[in-house]
Each structure stands twice: as structure tokens, then as C-alpha cells.
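Geometric and topological summary
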Amino acid sequence: MTATLGRIKDLTTALAPRLTEIYHHLHSFPELSGQERQTAAYVAGVLSSCGLGVREAVGKTGLLAELPSRPAEARLLAIRADMDALPIQEATALAYASRIDGVMHACGHDVHTTVALGAAMVLASLGEELPGRVRFLFQPAEETAQGAGWMIADGAMVGVDAILAFHMWPALTAGQIGVRYGALTAAADDLEIWIQGESGHGARPHEAVDAIWIAAQVITTLQQAISRTQNPLRPIVLTIGKVTGGRAPNVIADQVRLQGTVRSLHPASHEALPGWIEGIVAQLCQTYGASYQFHYRRGVPSVFNDASLTQLLESAGREAWGSERVEVLAEPSLGAEDFALYLSHAPGAMARLGTGYPDRPNAPLHHPKFAVAEPAITTGVVTLAYAAWKYFQP
Ligand code: NI
């Protein structure tokens, strides 16, 4: 163990009661996406009292903080936490359960915030021992996938060389860390296609353009084309979940509306998907004499972890806690996470922080009984602070 790691661990142990207090406070007073005003004010107060420079009202209700007096030419590492809660009625019966009716930190963003605050306190205490700049991003509205975009629009990523974050993971026991190389979460987009044919008598197809039949071709061709033209090592799921069209059993339909969702893991697939899908729709419609309208709404892209920054988090975890507490996750999640948006501005990595109690069943994220076993907090603080220190080592 390096002397610095020992110091980070000692500082974190000394801070543990304060971190528990912060976590309980945040958990008791959750705020919904875009309304994190009290939370932001509280976080700003903690950061200022540790000597960090704080910029408030960044990304609407978010904030930025930087460690004081660093050489401007030093590399800049960002650490991101999110602050919003969910419209869920808490049912944990914890002493520090939510005091706000119908609002709950059921995704652990209160822990993300506490861990980032802890890392800020520890890194501030390291002083000159930390030869670089660290910027803390406390973003609002992750649950609605808006906050990261708001933060970026307000300059949060200007000058940032790399970005790190944690997200809670109840499938791992508290004290464990999960890392994943490549895709961690999926890109999730919405799709809507209108196919316009020409109505006619059900007995006289040669005088009409059957929009239902063309829609059926579109659906079938898209599913087959995924398996025959797309790289099978870069998974894509295209689901048409709603089909609307037709007027009567004996009338050929003039119009069909297809609505669906498109999930993908690789950034290159995500980039190419709208053009590829529209190409198939256009070709089929042209062949059979229909016209179409194509609407594609991009959600957040995939969180695609940078290999060397994933390695940084993995090695920081292994050195701090031993290899048995760091798991390399075999599978990504098909959930979405707006951390992905920062990654188009700088390389980054998000790791999983175990929250599970070792001795009882654990509720999943976004569940009214979701609860965090508290060793997660010190595990996160030490790992993040040590990873930050290691980032600046030559
Ligand atoms: Ni979350």
C-alpha cells in the first residue's frame, strides 16, 4: 500500500461519521428531477466549508466545485455525482427514511452525492500531495436524462481531460466494486414511422397501395436485416411495440403508424441506426409505391467506458481493498444513464458500487424498499479519491 493510500484511508475513516450524517440528511429530504434546490444549497455549503470554490446554478439546479489553488496548466479530472430522487413512496422503515411524501432516493443518488463530497473532502486534505486539478460535477435531473445536457451547456466539461463516476448496484454486496470494459449501459432511442399508401376495395388490390402489407414488410425486413447486416458482437434490439392502421376488414388500409424503441450498446451502431433504418423503410416504400414519414428521437447514448480509466478504477479498487472485492462485470445493463453525454466531451468511466446487505435479500434500484448498506460510502470515497490521485501520477 502506498503512503498516500494509507492517508486516504485514514482520512476517510475519520470522516465516516460526518459522511453518514450527510447521507442520512440527503436521504431524508429527497427532491425530484429539476427541483434539487435544497440539495444543491446543502451540497454547496459542505463544499465551501472544505475550502472548495463553488459555482452554483450550473445546469439549472446543479453546481460545480474545484479544489483550490492548482496550477492552471495541470490536467483536469472531473468527478460526477447526480442529486435527484424519484416519485416513489419509500417503504424501507429506516430511521432516516424520506420525510417527503411520495419522493424517495430509490436510485442511490444520495449516496453518489455523499461519495463525491467525501472524495472532495479527502482530496482537499491531501493539499499539494495531489498534483492536478479536480472538478466536481453535481448534476440535477439524471432520472429524466436532462441534467447532464444542462451541465454541459453551462460549460461543466470545458477543459476536462477525463471524467469518473460511480453508480449504485444492489446485485453486489456493499464493499464490492464492479467495473466493466466497453459498454456499461445501452443507448435507447424512440422510433415512429408513418407509411402512406392508397385506400381501395379489399377485392381490388391492383387499384390500391396496401399500407398494412408494406408495414409488415418493413417490420420483417428490419428484424431480418439486423441479423444479416449488423455486427452480432454489437447487439441491437429493435422492437415495434405499437402498430396502428386500417379502417375496415374489406378496405385496403391507406395509412399505418409504427412505433418502437431501439436499444444498442456500441457507439458506432447508435450513430448509424437512424440512417440504416430509414434506408430500409425508404427502399420498401419506393418499391411498392408508398410514401413515408420517419421520426427518430435520440435518447442518451450508451455509457461506453474508456479502457484506461476503467483500468484506473479497477486497480485503485484492487490496491485499496484486495482483488476479491473488485469484480469485472461480464454483462452490461440495458438501462440508460445520461453520464453517457459527458463521454462525447472527454473519455470517462463509470463503475458500480455494491450496496447490498450480505445477510438479507436486497431490493432492486427504483424499488420502494431499495436501501444501501453503508460500507458502500467509505468504499466509494477511498476508491474514488485514490483513483484521482493515481490519475495524476506520471
Ligand atoms: Ni440512477
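Residues numbered from 1 in each chain as written. Predicted model: local features only at pLDDT ≥ 70, side-chain atom pairs only at ≥ 80, totals over all residues. Heavy atoms only, no water.

Comments concerning the domain arrangement of the protein chain
For the protein chain, the domain assignment lists domain 1 (3-184 + 302-391) and domain 2 (187-300). When each unit is reduced to the centre of its C-alpha atoms, the spacing between domain 1 and domain 2 is 40 Å. Taken residue by residue, the interface counts 11 residues in domain 1 and seven residues in domain 2. A combined buried area of about 780 Å² lies between domain 1 and domain 2, and 77% of that area is made up of carbon and sulfur atoms. At the boundary of domain 1 with domain 2, the tally comes to zero salt bridges. (Domains from an automatic or database assignment. Contact = heavy atoms within 4.5 Å. Buried area = accessible area lost by both parts, 1.4 Å probe. Salt bridge = Lys/Arg side-chain N within 4 Å of Asp/Glu carboxyl O.)

So, the side chain of Thr185
Counting through the fold element by element, Thr185 comes out in the loop between β7 (182-183) and β8 (187-196). Taking the relative accessible area as the measure of exposure, Thr185 reaches 4% and is therefore buried. One polar contact links the side chain of Thr185 to the main-chain amide nitrogen of Val303, over a distance of 3.2 Å. (Helix = DSSP H or I, 4+ residues; strand = E, 2+ residues; numbered from the N terminus. Buried < 20%, exposed > 50% of the residue type's maximum accessible area, 1.4 Å probe, protein only. Polar contact = N/O pair within 3.5 Å; in protein donor to acceptor, adjacent residues only side chain to side chain.)

Considering the packing of aromatic side chains
Taken as a whole, this structure holds six aromatic pairs when the rule is applied. Taken together, a centroid distance of 5.9 Å and an interplanar angle of 10 degrees make the contact between Tyr386 and Trp389 stacked. Taken as a pair, Tyr386 and Trp389 lie in helix α8 (residues 375-391) at a separation of three residues, close to a single helical turn. With respect to burial, Tyr386 and Trp389 carry one shared label: buried. Positioned over the ring face of Trp169 is Arg352, at 3.7 Å from the centre of the ring. Positioned above the aromatic ring of Tyr357 is the side chain of Arg360, whose terminal nitrogen or guanidinium carbon lies 3.8 Å from the ring centre. (Phe/Tyr/Trp six-rings, centres within 6.5 Å; stacked < 30°, edge-to-face > 60°. Lys NZ or Arg CZ within 6 Å of the ring centre and 35° of its normal.)

Remarks on the nonpolar core
If you look at the biggest cluster of nonpolar residues, it comprises 75 residues, and the most contacted ones within it are Leu47, Leu123, Phe136, Phe138 and Leu164. The dominant element in this core, judged by the number of residues it contributes, is α8, at 11 residues. Ignoring anything within four residues of it in the chain, the contact list for Leu123 reads Leu67, Ile79, Leu130, Val134, Phe136, Ala385 and Ala388. Counting residues in each nonpolar core, the second largest holds 27 residues, with Ile236, Leu238, Trp276 and Leu284 among its members. (Core = buried A, V, L, I, M, F, W, Y, C linked by side-chain atoms within 4.5 Å.)

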